[in-house]
Amino acid sequence: MIQLTEAATLTIQEGIGIISINNPPVNALGFPVRKGIADGIDQSVKDDQVKAIIIICEGRTFCAGADIKEFGQPPKDPGLGDVLEVLDASPKPTLAAIHGTAFGGGLETALSCHFRVGIPSAKFGLPEVKLGLLPGAGGTQRLPRVVGIEKALKMIAIGNPIGAAEALKVGLIDELVEGDLKEGAINFMKKVLAENRPLKKVSENNEKIEADRGNSEVFDSFRKSIARKARGFDAPENCIKAVEAAVNLPFAEGLERERNLFMELMQGNQSAAQRYAFFAERQVAKIPDIPKDTPQLDIKKVGIIGAGTMGGGIAMNFVNAGFQVTLVETKQEFLDRGLGVIKKNYDITASKGKMSAEEVESRMSLITGTLSMEDLADVDMVIEAVYENMDLKKEIFKKLDSICKADAILATNTSYLDVNEIAAVTSRPEFVLGTHFFSPANVMRLLEVVRGEKTSKSVLATTLTIGKKIKKVAVVVGVCHGFAGNRMFAQRARESNFLVLEGAPVEQVDKVIYDFGFPMGPYVLRDLIGMDVGWNPKTSSSSTIQEIMCEAGRLGQKSGSGFYKYEVGNRTPIPDPEALQMISDFAAKQGYDKREISDDEIKKRCIYSLINEGAKILEEGIAVRPSDIDIIWINGYGWPVYLGGPMFYADLIGLDQVLETLKEYEGRFGEVWKPAALIEKLVGEGKGFKDLN
Ligand code: T1G
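A brief look at the structure comes next. (Residues numbered from 1 in each chain as written. Predicted model: local features only at pLDDT ≥ 70, side-chain atom pairs only at ≥ 80, totals over all residues. Heavy atoms only, no water.)

**Brief notes about helix α25 (residues 646–653)**
Then step 1. Looking at α25, one finds that the buried residues are Pro646, Met647, Phe648, Tyr649 and Ala650.
Then step 2. Those residues of α25 that are buried lie in contact with α11 (269–283), α18 (485–501), α19 (506–516), α23 (599–619), α24 (626–636) and α26 (655–669). (Buried < 20%, exposed > 50% of the residue type's maximum accessible area, 1.4 Å probe, protein only. Helix = DSSP H or I, 4+ residues; strand = E, 2+ residues; numbered from the N terminus. Contact = heavy atoms within 4.5 Å.)

**What to know about the site of the ligand**
Then step 1. For the ligand, the set of nearby residues contains 28 residues, the closest of which are Arg60, Ala66, Glu108, Glu128 and Arg282.
Then step 2. Separating an oxygen atom of the ligand from a backbone N or O atom of Gly136 is a distance of 2.9 Å.
Then step 3. If you list the elements that add at least two residues to the shell around the ligand, you get β6 (101–103), α3 (105–111) and α11.
Then step 4. The dominant element in the shell around the ligand, judged by the number of residues it contributes, is α11, at three residues.
Then step 5. Residues belonging to the shell around the ligand are distributed by class as follows: 15 nonpolar, five polar and eight charged. (Near = heavy atom within 4 Å. Polar contact = N/O pair within 3.5 Å; in protein donor to acceptor, adjacent residues only side chain to side chain. Nonpolar A, V, L, I, M, F, W, Y, C, P; charged D, E, K, R; others polar.)

**Comments concerning the sheet that holds strand β9 (residues 162–163)**
Then step 1. Read across the sheet, three strands follow the order β6-β8-β9 without closing on themselves; strand pairing throughout is mixed. Edge positions in the open sheet fall to β6 and β9, since each of these has one partner strand only.
Then step 2. As paired elements, β6 and strand β8 (residues 123–125) share three bridges and run parallel to each other. When the sheet's bridge partners are listed, Phe103 is paired in β8 with Gly125. (Pairing = 2+ DSSP bridges.)

**Considerations on the pairing of strand β16 (residues 432–437)**
Then step 1. Among the six residues of β16, six are classified as buried, and the element is accordingly described as predominantly covered.
Then step 2. Here β16 shows a buried face lined by Val432, Gly434 and His436 and a second buried face lined by Leu433, Thr435 and Phe437.
Then step 3. Pairing of β16 with strand β17 (residues 446–450), which is carried by four bridges, proceeds in the antiparallel orientation. Note that in β17 the partner of His436 across the bridge is Glu448.

**Some remarks on the side chain of Gln491**
Then step 1. The topology assignment puts Gln491 in helix α18.
Then step 2. Engagement of the side chain of Gln491 in a polar contact is seen with the side chain of Arg494, the distance being 2.6 Å.
Then step 3. With near-sequence residues (within four places) excluded, Gln491 lies in contact with Ser609 and Glu613.

The structure is reproduced here in structure tokens:
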């Protein structure tokens, strides 16, 4: 065995040169890997004993891409493009033997081989677009030549991976290897040699693209198909252009075009933001005082109290991850309705071909409905998801304390209330914490894990692990009204409310927030959620915009009018002069003088209010680091990932600029705009939020 570099070896076995990569955790194509592959190819080509070459990886996966940690640093030769040029030019047959996730540069390496084989669980993808980039080592030029234009456009401009069976079907791999991958790869290459198979050099194969040379239709219709999801992002369009170059230009020129389009993205702010978010999402699991080896509890059976919208969605998360769920309701009709909604959701998934009927049945069979909390005696974790009433929650937690196992975790899904107060009614506060899911709970990735004063490290660590198992981004937050996300959301709501009272039409505020990159503005959102959420008809006294709207029966989409009006069966918001008049009259009664408000002021008041509150949340230790707050806003509130999150964005603008505006607003609008001490401190030290991550 030859040690090529610290991350790569070359062994000759039965006349086959096997380059083996070992660069934990994901065999990223850092310098030692790149150099190892280049040297391995070079030595194998020169060695007459070697008749064929295999590239394989140790550990959990084939190369999962370039080493993102290297980005932004001075490049170290050989670059991946150079390595793949050497690979592409090999006169001897080359094969990539794939397990795990051949992503990004990893798949580009495999595409530069003549052949590819994979095990059934392997995945294949070019997710660079999710980092605000595009495959920069020939992926946009080679993939269309192997799988065709339409499949390549989806894989490159949307960035989702495909499985091994599909990869075989579309010709991305030549064979599925059951059993030992290395053995299967060697046997495959022995067949190639014995049959003297022609070498399939991807860069010279134009079969699947030449028919569409000069055809812009396929690209324009794809652009339209992703327009909504790609809104505001730079990378998808550059991905499409790079694939167009593959179709319309000779390979070498296409590579050049790919390189230019890649550098455009690499030098932009969006990619920096999306790469920041990639690492920030992985940072959230690292809690300073919770060592990685903190003992954890074994969670197999989960109890959920409440089969309403939240309880049902939460149940689906656990069932999807294979947990047994006991779902508790107070009345049979509520339980039946809750189970019916879950079943309907799965049936819809099945009707889209994303799940078999058997799979639906097996998931439903994991749920046991009951009207008795006594049936929670054997569960390992309970999540209470009843409505936001502290007395009711306390009553439930008292009962759970007497029913459940002594070491069962008792979690509340409250979105605002004091978790410590709930824990205090039990004899086991160290087993109590909050698990704040976001609606719809089976869709939204964010999970705020609310750490109580007495929550034990083991319970917290266990809950973070469970969060990952149910495919959530679990972020630890402390106890305060609204924790982190909703506490910040309330500040934006405050400002958007004042803005319309001061004269800004709701559609202007909504357009500014939509154009900033959010999926929708605050007023369209309110109409969607329902104006009457949190409204009490018994005490309503026309003292807020919400009250006058609800008193007038304007409940939003569900009643056909709210801040906007809606045609029957259509959810498109239509500006409604009646609503504007109601707000204007109400504002006049409240003594507001109507004025023109600029889009810039609307944007700053809605966004800087978030930044200022985020800083206070950090000062109070409610969030561990600024990037956790960014992950909360990206995954829970639709903050555009290409702007990195409110704290990243503040650094992008310049924290000194933000501070200046906060001070101006404090003078104009009062104490509520007093700059957080942390912002004053960081600006004084010439630092940014990034220095706290
Ligand atoms: N570079 C550096 N570190 C990486 C990495 C990468 N590409 N991928 C993962 N890590 C780290 C990650 O930060 C974490 O570190 C650990 O590995 C485990 O990751 C030229 C330009 C492979 C599916 O976008 O999708 O190739 O926190 O927690 O859930 O065209 O990681 O333990 O210190 O995510 O099992 C393209 C990104 C790069 C793939 C594994 N490739 N990675 O998921 O583990 S750009 C990607 C993933 C590129 C070329 C272009 C996932 C995974 P730590 P993890 P996982």
